[in-house]
Amino acid sequence: MASQQANIDSVYLPLRDGGVSPLDVQLPQYYRENFFSDDTLYHAELPGGKFGVAGMPVPNSLYSDNLVAVMMLVFFLLMVIALSSIHEFVSHQLKRFFLPTHDGGVEVNETGSELRIQMFLVLVNGLLIALLVYFYTINTIGDSFVLSSPYYLLAIYAGLLIAYFLLKGLLYVIVNTVLFGGKKSQQWLRLLILITALEGILLLPAVFFQAYFGMTEQNVIVYFTVVLIFVKILTFFKCYAVFFRTNVVKLQIILYFCALEMIPLLALWSALDFAANSLKIIF
């Protein structure tokens, strides 16, 4: 055994007629290095790299997205807590929603905490719509964007939705204060907050069903369209009850509603579509 170890050449193979031994301290460095010196199969401490053929990447699914799952769980818990705090106020307002008072509106006498909770539900509504638009973009356009993470696109959508609600509320305050006075303007703003908060409650099931129960994109669009039409009908009805029930020129409500509801909605959709197409990577 010892004689075989002594009779090996630079690749450590035994020779019949002898050779040089790598144990000799006087050997040059090129004799000490052999063909297998840097082979990762013989040295576990060296990085081996990747072998084989790359497979198909697993597509990103919504139900396995950790950020989306955390967001929906937080939204659900916060919405349940919020509704448990103002359920009596909401049920009271829904019962009296179609019952006009002497000034053409409904009696809105919520406390400061109830108003803050409704404002929070409006914020959740904007984030839920942003999630639905994000799901639609990922399923139809894809996730190839110039952004380093597709979650930045979700943040852009959320920012656009929040800006939409704020600008629409500000526009309502300015127009209604000039045309109808501060009292009716404040009454309408609180009614609008209530309707928008209810819209967020109605949209929450669509987000859950699409993310976790495989609801198709067409069914989500139909559900969202039905909720949107229902909310716009409620808004139109209360707008007529507050401002135009005692107005002589009742057809002005069409111009009013289109200018303050439909045009901002179309502008929002155009902004969302522009953001998605501008950030998309075109191959």
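Look up a bit, the structure's there.
Reading the values: the criteria
Residues numbered from 1 in each chain as written. Predicted model: local features only at pLDDT ≥ 70, side-chain atom pairs only at ≥ 80, totals over all residues. Heavy atoms only, no water. Helix = DSSP H or I, 4+ residues; strand = E, 2+ residues; numbered from the N terminus. Buried < 20%, exposed > 50% of the residue type's maximum accessible area, 1.4 Å probe, protein only. Contact = heavy atoms within 4.5 Å. Areas by Shrake-Rupley, 256 points an atom, 1.4 Å probe, with all protein chains shown as cover. Salt bridge = Lys/Arg side-chain N within 4 Å of Asp/Glu carboxyl O. Axes fitted to C-alpha atoms, helices over the stretch in contact; angles between N-to-C directions. Parallel < 35°, antiparallel > 145°, perpendicular 65-115°, else oblique. Left-handed = near helix turned anticlockwise from the far one by under 90°. Nonpolar A, V, L, I, M, F, W, Y, C, P; charged D, E, K, R; others polar.

Looking at the overall build of the protein
Next, step 1: Along the protein, the regular secondary structure elements total eight helices and zero strands.
Next, step 2: Sequence-ordered secondary structure for the protein, helices as α and strands as β, is α-α-α-α-α-α-α-α.
Next, step 3: Out of the 283 residues in the protein, the part that is buried amounts to 36%.
Next, step 4: Across the protein, contacts joining residues at least 24 apart in sequence account for 68% of those joining residues at least 6 apart.
Next, step 5: As presented, the protein carries roughly 17300 Å² of accessible surface, and 69% of it is formed by carbon and sulfur atoms.

Regarding the pattern of salt bridges
Next, step 1: Counted by the stated rule, this structure contains two salt bridges.
Next, step 2: The closest approach of N and O atoms between Glu261 and Lys232, which form a salt bridge, is 2.5 Å. Linking Glu261 in helix H8 (residues 252-279) with Lys232 in helix H7 (residues 217-244), this pair joins segments that are 29 residues apart in sequence. Note on accessibility: Glu261 and Lys232 belong to one class, buried.
Next, step 3: Salt bridges sharing partners connect three or more residues here, namely Lys168, Lys232 and Glu261.

Some points on the packing of helix H5 (residues 150-180) against H7
Next, step 1: Taken N-terminus to C-terminus, the directions of H5 and H7 make an angle of 20°; their axes are 13 Å apart at the nearest point. One finds that H5 runs roughly parallel with respect to H7. Crossing angle aside, the handedness with which H5 passes H7 is right-handed. Each of Tyr164, Lys168, Asn176 and Phe180 in H5 lies in contact with H7, whose residues at this interface are Lys232, Phe243 and Phe244.
Next, step 2: The residue inventory of the contact of H5 with H7, partitioned by class, reads four nonpolar, one polar and two charged.

Don't take any of this as a statement about function, it's just geometry.
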